[in-house]
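The residues making up each chain are set out below.
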Amino acid sequence: MRVLLLGGGGREHALALGLVEDPAVEALLAAPGNPGIAGVAELRQVDPADPAAVAGLAVEVGADLVVIGPEAPLVAGVADAVRAKGVPVFGPSAAAARLEGSKTFAKEIMTAAGVPTARAYTCTDAESVGRALDEFGTPYVVKNDGLAAGKGVVVTDDRDVALRHAQECGRVVIEEYLSGPEVSLFVVTDGEAALPLLPAQDFKRAGDGDAGPNTGGMGAYAPLPWAPPGLVDEVLADVVHPTLAEMRRRGTPFAGLLYVGLALTAAGPRVIEFNARFGDPETQVVLALLETPLGGLLHAAATGTLAAHPPLRWRDGAAVTVVVAAEGYPATPRTGDVITGADHPGVIHAGTARRAADGALLSAGGRVLCGTATGPDLTAARDAAYALVRGIELAGSHHRTDIAATAIDGRITVPD
Ligand code: AMP
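Please read these numbers as outputs of a predicted model, since none were measured by experiment. (Residues numbered from 1 in each chain as written. Predicted model: local features only at pLDDT ≥ 70, side-chain atom pairs only at ≥ 80, totals over all residues. Heavy atoms only, no water.)

Engineer: Could you clarify how one ought to interpret the site of the ligand in this entry?
Structural biologist: Near the ligand, the surroundings consist of 14 residues, among which Glu-175, Glu-176, Leu-178, Glu-182 and Glu-273 are the closest. Contact between the ligand and Glu-175: a nitrogen atom at 2.6 Å from a side-chain N or O atom of the residue. Considering the ligand on its own, with 470 Å² of exposed area, one finds that the protein chains cover 93% of that surface. For the shell around the ligand, the secondary structure elements donating two or more residues are strand E7 (140-144), strand E8 (153-156) and strand E17 (268-275). Across the shell around the ligand, the residue classes tally to 6 nonpolar, 1 polar and 7 charged. (Near = heavy atom within 4 Å. Polar contact = N/O pair within 3.5 Å; in protein donor to acceptor, adjacent residues only side chain to side chain. Areas by Shrake-Rupley, 256 points an atom, 1.4 Å probe, with all protein chains shown as cover. Helix = DSSP H or I, 4+ residues; strand = E, 2+ residues; numbered from the N terminus. Nonpolar A, V, L, I, M, F, W, Y, C, P; charged D, E, K, R; others polar.)

Engineer: What is the right way to read the packing of helix H5 (residues 94-101) against helix H6 (residues 103-113) from this model?
Structural biologist: Working note: a packed helix pair is described by the angle between its axes plus the distance between those axes. Contact geometry of H5 with H6 gives a least axis separation of 6 Å together with a crossing angle of 100°. What the angle tells us is that H5 and H6 run roughly perpendicular. Contact with H5, carried on its side by Ala-95, Arg-98, Leu-99 and Gly-101, involves Lys-103, Phe-105, Ala-106 and Ile-109 of H6 and no other residues of that element. (Axes fitted to C-alpha atoms, helices over the stretch in contact; angles between N-to-C directions. Parallel < 35°, antiparallel > 145°, perpendicular 65-115°, else oblique. Contact = heavy atoms within 4.5 Å.)

Engineer: Is there a simple way to explain unusual backbone geometry in this structure?
Structural biologist: Backbone geometry follows two general trends: most residues other than glycine have a negative phi, and most peptide bonds adopt the trans configuration. With an omega of -5°, the peptide bond running from Ala-31 to Pro-32 counts as cis. Counting through the fold element by element, Pro-32 comes out in strand E2 (residues 27-32). One non-glycine residue, Asp-210, lies in positive phi territory at about 60°. Mapped onto the elements of the fold, Asp-210 is located in the loop between strand E13 (205-207) and strand E14 (211-214). On the basis of relative accessibility, which here comes to 47%, the residue Asp-210 falls in the partly exposed class. (Buried < 20%, exposed > 50% of the residue type's maximum accessible area, 1.4 Å probe, protein only.)

Engineer: Would you explain the sheet that holds strand E9 (residues 172-175) in this entry?
Structural biologist: Across a sheet, strands are paired by hydrogen bonds formed along the backbone, either parallel or antiparallel in direction. With antiparallel pairing, 4 strands are arranged side by side in an open sheet as E6-E9-E7-E8. Looking at which strands have only one partner, the edges of the open sheet turn out to be strand E6 (120-123) and E8. Sheet twist, expressed as the mean angle between neighbouring strand axes with direction ignored, is 20°. Sheet topology note: the E6/E9 ladder contains 4 bridges and is antiparallel. Bridge pairing in E9 places Ala-120 opposite Glu-175. (Pairing = 2+ DSSP bridges.)

Engineer: What should I look at first to understand helix H9 (residues 231-249) in this one?
Structural biologist: Structural remark: α-helix, 3.6 residues per turn; residues separated by three or four positions point the same way. Taking 1.5 Å per residue, 19 residues should reach 27 Å; H9 reaches 26 Å between its end C-alpha atoms and fits that length. Ala-237 marks the point of greatest bend in H9, at about 35°. Among all positions in H9, only Leu-231, Val-235, Leu-236, Val-239, Val-240, Thr-243, Leu-244, Glu-246 and Met-247 are buried. Elements that come into contact with the buried residues of H9 comprise H5, H6, strand E10 (182-189), strand E11 (194-196), strand E16 (256-265) and E17. Immediately beyond the C-terminal end of H9, within one or two residues, lies Gly-251, with a positive phi of roughly 80°. (Expected span 1.5 Å × (residues − 1). Bend = angle between axes of the 7 residues up to and from the residue.)

Engineer: Honestly, the state of the cysteines in this entry has me stumped. Any pointers?
Structural biologist: A covalent bond between the sulfur atoms of two cysteines is referred to as a disulfide. Taken as a whole, this structure holds 0 disulfides when the rule is applied. No disulfide involves Cys-169; its sulfur sits 12 Å from that of Cys-123, the nearest cysteine. (Disulfide = S-S within 2.5 Å.)

Engineer: For this particular structure, what's the right way to read the packing of helix H1 (residues 10-21) against helix H10 (residues 282-289)?
Structural biologist: Where H1 meets H10, the closest approach of the two axes is 8 Å, and the angle between their N-to-C directions is 10°. Judged by the inter-axis angle, H1 sits roughly parallel to H10. Each of Gly-10, Arg-11, Ala-14 and Leu-15 in H1 lies in contact with H10, whose residues at this interface are Thr-283, Gln-284 and Leu-287.

Engineer: Hey, could you run me through the pattern of salt bridges in this one?
Structural biologist: Across all of its chains, the model carries 25 salt bridges by this definition. Close ionic contact of Lys-143 with Glu-175 constitutes a salt bridge, the shortest N to O distance being 3.2 Å. With a gap of 32 residues between them, Lys-143 in strand E7 and Glu-175 in strand E9 connect regions that are remote in the sequence. Considered together, Lys-143 and Glu-175 belong to a single accessibility category, that of buried residues. Notably, a salt bridge pairs Arg-400 with Asp-210, separated by 3.0 Å at the nearest N-O pair. Here the residue Arg-400 occupies a position in the loop between strand E24 (393-394) and helix H13 (405-408), and Asp-210 occupies one in the loop between E13 and E14, the gap between them amounting to 190 residues. Relative accessible area serves as the criterion here: at 1%, Arg-400 is assigned to the buried category. Here the residues in one salt-bridge network are Glu-108, Glu-246, Arg-249 and Arg-250, joined through shared partners. (Salt bridge = Lys/Arg side-chain N within 4 Å of Asp/Glu carboxyl O.)

Engineer: It is not clear to me how the sheet that holds strand E4 (residues 65-68) should be interpreted in this structure. Could you clarify?
Structural biologist: Ordered in space as E3-E2-E1-E4-E5, the 5 strands form an open sheet in which the pairing is parallel. Strand pairing shows two members of the sheet lacking a second neighbour, strand E3 (42-43) and strand E5 (89-90), which therefore form its edges. As paired elements, E2 and E3 share 2 bridges and run parallel to each other. Counterpart to Ala-30 in the pairing with E3 is Leu-43. Against the sheet, H1 touches strand E1 (2-7), E2 and E4, its axis set at about 170° to E1.

Engineer: Would you take a moment to explain the pairing of E17 for this structure?
Structural biologist: Side chains on a regular strand alternate between the two faces of the sheet. By the criterion of burial, E17 is predominantly enclosed, with 6 of the 8 residues buried. The turn linking E16 back onto E17 is made up of 2 residues.

Engineer: Would you explain the environment of Glu-127 in this entry?
Structural biologist: Mapped onto the elements, Glu-127 comes out in helix H7 (residues 126-136). In sequence terms Glu-127 and His-299 are 172 residues apart; their C-alpha atoms lie 49 Å from each other.

Laid out in structure tokens, this is it:
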């Protein structure tokens, strides 16, 4: 199988590592890729969000499967254009990707499907914003209605901060605050059959102890020792299957990766958000533990044959990833600094580039690298991930020092 992978972040580097491990994948091409992905794939230059250009490239390289990593190409209709050329593609249509592209649409689907989620209002003017804030009270949750690279959400007790974010976004979803530990559950689906991956937890805030602004994600671990035993089955029955059924009923089946972001509240699991693609950095830990060949799994989802796919197999133990972020991330990340110490197995490239003159590795994004490791348990995996991070030198960089700490110390409790 010849596979074309779209994207160039940490998620795509993790996907690339999984794909080349699959004996059925005889060639991996990536566009645009990054210096880490270049170690395992042939890179091509294309604008990943240009449907015609990507479909043309898929045909040119004789791809048997196109895997779309990021959300922007999905929302732009890249999966539709590739499918129209008769090439199997892992990633939903533009119509189905609205589950991520519009928070209002996602709420509509959840309401129609009876999926448990936070009560919410969509607001476009200061008066309705004020009313919604007052109805739900603190902490205020204000979300940009459109794509915002994981940074469109403000959770705050300060009414002025909430009002300002709403004003800057224009159209926002304001919702009730959900209290409880968060879980990311990835589900591979062909629109009908659904195979859940291991639940993971990510760390959205920039600083230790969940201080500081929201980011795209500063680290992750899996599995979750504190998760209730029936959690995945409950989420499949109450969230995933009703959502897939509602999308089919509307004539826009969702095939690809349904990312369910949940809060485990006292009233049960509640959906915080849907995404239409693998999450970053949870993908790094989930795929590190997946033993089932990744190419075959994604191909089955892309060709509507997932019901016949064997059950997933997982490695024993645990995985932890720690993001090394550039100075100034998330507000104003500095790029162009030289990186050393990234040349170790387990160091995933998220925002890097090669200097043309001498091939030196440079920072090229807010999240630069992820130290990713497995081990017999969470403590061992965490220690190995931090050993990788300590070996990386990047001027001004920062990382959280508490990834997986509360889980290891048994400090996470699910309210009942
Ligand atoms: P989202 O982009 O919707 O995943 O939101 C980013 C982060 O904001 C989530 O991971 C949560 O930590 C937080 N968040 C979003 N919505 C809520 C909510 N209704 N209640 C509590 N926290 C929330």
